[in-house]
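Listed here are the chains, written in short residue letters.
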Amino acid sequence: MRAIISGGGTAGHINPALATAGRLAKEHGAEILFIGTKKGLESTLVPKAGWDIRYIQVSGLIRRLTLKNFLVIKQFLTAISHCKKIIKDFRPDVVIGTGGYVCAPVLFAAHALGIPTLVHEQNVIPGVTVKMTAKTVDSLCISFPETTGYLKPACAEKCVLTGNPIREEMLTVDKESARKKLNLDDRPFIVSFGGSLGAERLNQAAISFINENKTANVQFLLGTGQRYYDTVKSTITNNAPAISVVPYIDNMDTVMAAADLIIGRAGALTVSELCAMGKPSILVPSPNVAHDHQTYNAKSVENAGGAVLIPDCEYTGDRLTAVLCELLQNPDRLTDMSQRAKTIGITDGTKRICDVACKLAESKK
């Protein structure tokens, strides 16, 4: 089996692609080729993971009236032609897109050449590339059932609920051993983080809670993000041993497994990991993403009863304190949230995506 995989721009598109490539190679002996751009993160992450990659030149449309979009369209058409040459040379049995504008010309070229195609959408709201290619791909792998409601009926019929790929280490660490590894006691363990870069809004609310609740019977870990660490550290006045402030949480599998409650943004992979692990959460969607898609991701978990959604503009120290007090005083609520989150969690997303890809590849023979 031979497969071309394309997805890029951000880690949210690349990590599912890498997970899919790894399983196809390991479980199905597939030969893999990536297609990406030199300016996206894929130019670093894909070779680092040991995969071969070919580069094309393509850019996303500028979302306003400008003559520059004529150049973008010309570049896009040239990229399709370039992709056709790569596809003819590699002769794949299936072509997989995981989002980002780079995969659109790859999928269009494969469709034109009669190669089976699938595209994977990580978020509830389909991105521009997924909407562009939904009509021509053979299968559309979705991570949330609500996604079908944002697609035309003919495209929704192609949808297969696969979920997002979940890192294997997230599913193999049990809570008890994780807590022992982190030297935690029996008090509730709360974790707040805003991703690798951090989130100032999340940091400020956490600082307020930590400083103003010095007698709170909790253990608290705050991942600030590297750029905020020094400022946050100097602002914390509660130096209790149960309070930890770090620039980056590099043992996230252990930390999440040990946590009783997690506070964070609502990126697709984060939300999927929380649900797969059955973790109660307070989700604060980032307002700085296209189409406000994090809000829809968070609503999916909130509607299932697994999370409390707080809009970014409403997320203050007082609001955080009020919600935490309510949840911590009602442990049965946390247990219920955990169970409800797990009911919508998908732990075998990578396998499901690969099964769809293999089925499409077989159809070519």
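Now for a look at the structure at hand. The structure presented is a predicted model; accordingly, all values stated were derived computationally and were not measured.

**Considerations on the environment of Val 160**
Reasoning step 1: In this fold, Val 160 is placed in strand S7 (residues 159-161).
Reasoning step 2: Filtering out sequence-adjacent residues up to four positions away, Val 160 remains in contact with Leu 140, Cys 141, Ile 142 and Val 356.

**Details of the packing of aromatic side chains**
Reasoning step 1: Taken as a whole and assessed by the stated rule, the structure comprises four aromatic pairs.
Reasoning step 2: With a centroid separation of 6.0 Å and an interplanar angle of 80°, the aromatic rings of Tyr 150 and Tyr 296 are classed as edge-to-face. One end of the pair, Tyr 150, is in the loop between strand S6 (139-142) and helix H6 (153-156); the other, Tyr 296, is in helix H13 (residues 293-304), with 146 residues separating them in the sequence.
Reasoning step 3: According to the relative accessible area criterion, Tyr 150 is partly exposed, its value standing at 38%.
Reasoning step 4: When the ring of Phe 209 is compared with that of Phe 220, the centres are 5.7 Å apart and the planes differ by 35°; the resulting orientation is tilted. Here Phe 220 lies in strand S9 (residues 219-223) and Phe 209 lies in helix H9 (residues 200-212), a separation of eleven residues in the sequence. Phe 220 carries the same exposure label as Phe 209, and that label is buried.
Reasoning step 5: In this structure, Arg 2 packs its charged tip against the face of Phe 90, placed 4.2 Å from the ring centre.

**A short note on the nonpolar core**
When a protein is soluble and globular, its nonpolar side chains tend to lie buried together.
Reasoning step 1: In terms of nonpolar packing, the biggest core is built from 30 residues, with Ile 4, Ile 56, Val 95, Val 106 and Leu 140 touching the most fellow members.
Reasoning step 2: Elements supplying a minimum of two residues to this core: strand S2 (31-36), helix H3 (68-90), helix H4 (103-112) and S6.
Reasoning step 3: Element by element, the count of residues in this core is highest for H3, at seven residues.
Reasoning step 4: Residues in contact with Leu 140, not counting those within four places in the same chain, are Val 119, Val 130, Ala 134, Leu 151, Lys 158, Cys 159 and Val 160.
Reasoning step 5: Counting residues in hydrophobic clusters, the runner-up holds 29 residues, among them Ala 206, Ile 207, Ile 263 and Ile 282.

**Description of the side chain of Glu 273**
Reasoning step 1: In this structure, Glu 273 sits in helix H12 (residues 268-277).
Reasoning step 2: Residue class for Glu 273 comes out buried when judged on its relative accessible area of 8%.
Reasoning step 3: A polar atom in the side chain of Glu 273 sits 2.9 Å from the side chain of Arg 167.
Reasoning step 4: Leave out the neighbours within four places in its chain, and Glu 273 touches Ile 166, Arg 167, Met 170 and Met 256.

**With respect to the sheet that holds strand S5 (residues 117-121)**
Reasoning step 1: Read from one edge of the open sheet, seven strands run S3-S2-S1-S4-S5-S6-S7, paired in parallel fashion. Strands with a single pairing partner mark the edges of an open sheet, and in this sheet they are strand S3 (53-55) and S7. Along the sheet, successive strands turn relative to each other by an average axial angle of 25°, direction set aside.
Reasoning step 2: Bridge count between strand S1 (residues 2-6) and S2: five bridges; the pairing is parallel. Opposite Ile 4, over in S2, you have Leu 33 as the bridge partner.
Reasoning step 3: Across the face of the sheet, helix H1 (residues 11-28) comes into contact with S1, S2, strand S4 (94-97) and S5 while running at roughly 165° to S2.
Reasoning step 4: Running at roughly 155° to S4, H4 makes contact with S1, S2, S4 and S5 of the sheet.

**A few points about the pairing of S9**
Reasoning step 1: The buried fraction of S9 amounts to five of the five residues, a majority that puts the element mostly inside the structure.
Reasoning step 2: Alternating positions in S9 separate into two faces, Gln 219, Leu 221 and Gly 223 on one and Phe 220 and Leu 222 on the other, with burial throughout.
Reasoning step 3: Of the pairings in the sheet, the one linking strand S8 (residues 189-193) to S9 comprises five bridges and is parallel in character. Bridged to Ser 192 within S9 is Leu 222.
Reasoning step 4: Handedness of the S8-H9-S9 crossover: right-handed.
Reasoning step 5: Note on the crossover from S9 through helix H10 (residues 229-235) to strand S10 (residues 243-246): the handedness is right-handed.

**A short note on the packing of helix H14 (residues 317-328) against helix H15 (residues 331-343)**
Reasoning step 1: The geometry of H14 relative to H15 is characterised by a closest axis approach of 6 Å and an angle of 95° between their N-to-C directions. With respect to H15, the axis of H14 lies roughly perpendicular. Of the residues in H15, those in contact with Glu 326, Leu 327 and Leu 328 of H14 are Pro 331, Arg 333, Leu 334 and Met 337.
Reasoning step 2: Its residues assigned to classes, the contact of H14 with H15 shows five nonpolar, no polar and two charged.

**Details of the state of the cysteines**
Here a disulfide denotes one covalent bond, and it connects the sulfur atoms of two cysteines.
Reasoning step 1: One pass over the structure, following the stated rule, counts zero disulfides.
Reasoning step 2: No disulfide involves Cys 354; its nearest neighbouring cysteine sulfur is the one of Cys 358, lying 6.3 Å away.
Reasoning step 3: Here Cys 354 falls in the buried class, since its relative accessible area comes to 0%.

Rules behind the numbers
Residues numbered from 1 in each chain as written. Predicted model: local features only at pLDDT ≥ 70, side-chain atom pairs only at ≥ 80, totals over all residues. Heavy atoms only, no water. Helix = DSSP H or I, 4+ residues; strand = E, 2+ residues; numbered from the N terminus. Contact = heavy atoms within 4.5 Å. Phe/Tyr/Trp six-rings, centres within 6.5 Å; stacked < 30°, edge-to-face > 60°. Buried < 20%, exposed > 50% of the residue type's maximum accessible area, 1.4 Å probe, protein only. Lys NZ or Arg CZ within 6 Å of the ring centre and 35° of its normal. Core = buried A, V, L, I, M, F, W, Y, C linked by side-chain atoms within 4.5 Å. Polar contact = N/O pair within 3.5 Å; in protein donor to acceptor, adjacent residues only side chain to side chain. Pairing = 2+ DSSP bridges. Axes fitted to C-alpha atoms, helices over the stretch in contact; angles between N-to-C directions. Right-handed = clockwise from strand over helix to strand, strands pointing away. Parallel < 35°, antiparallel > 145°, perpendicular 65-115°, else oblique. Nonpolar A, V, L, I, M, F, W, Y, C, P; charged D, E, K, R; others polar. Disulfide = S-S within 2.5 Å.

These results come straight from atomic positions and should not be treated as a statement about function.
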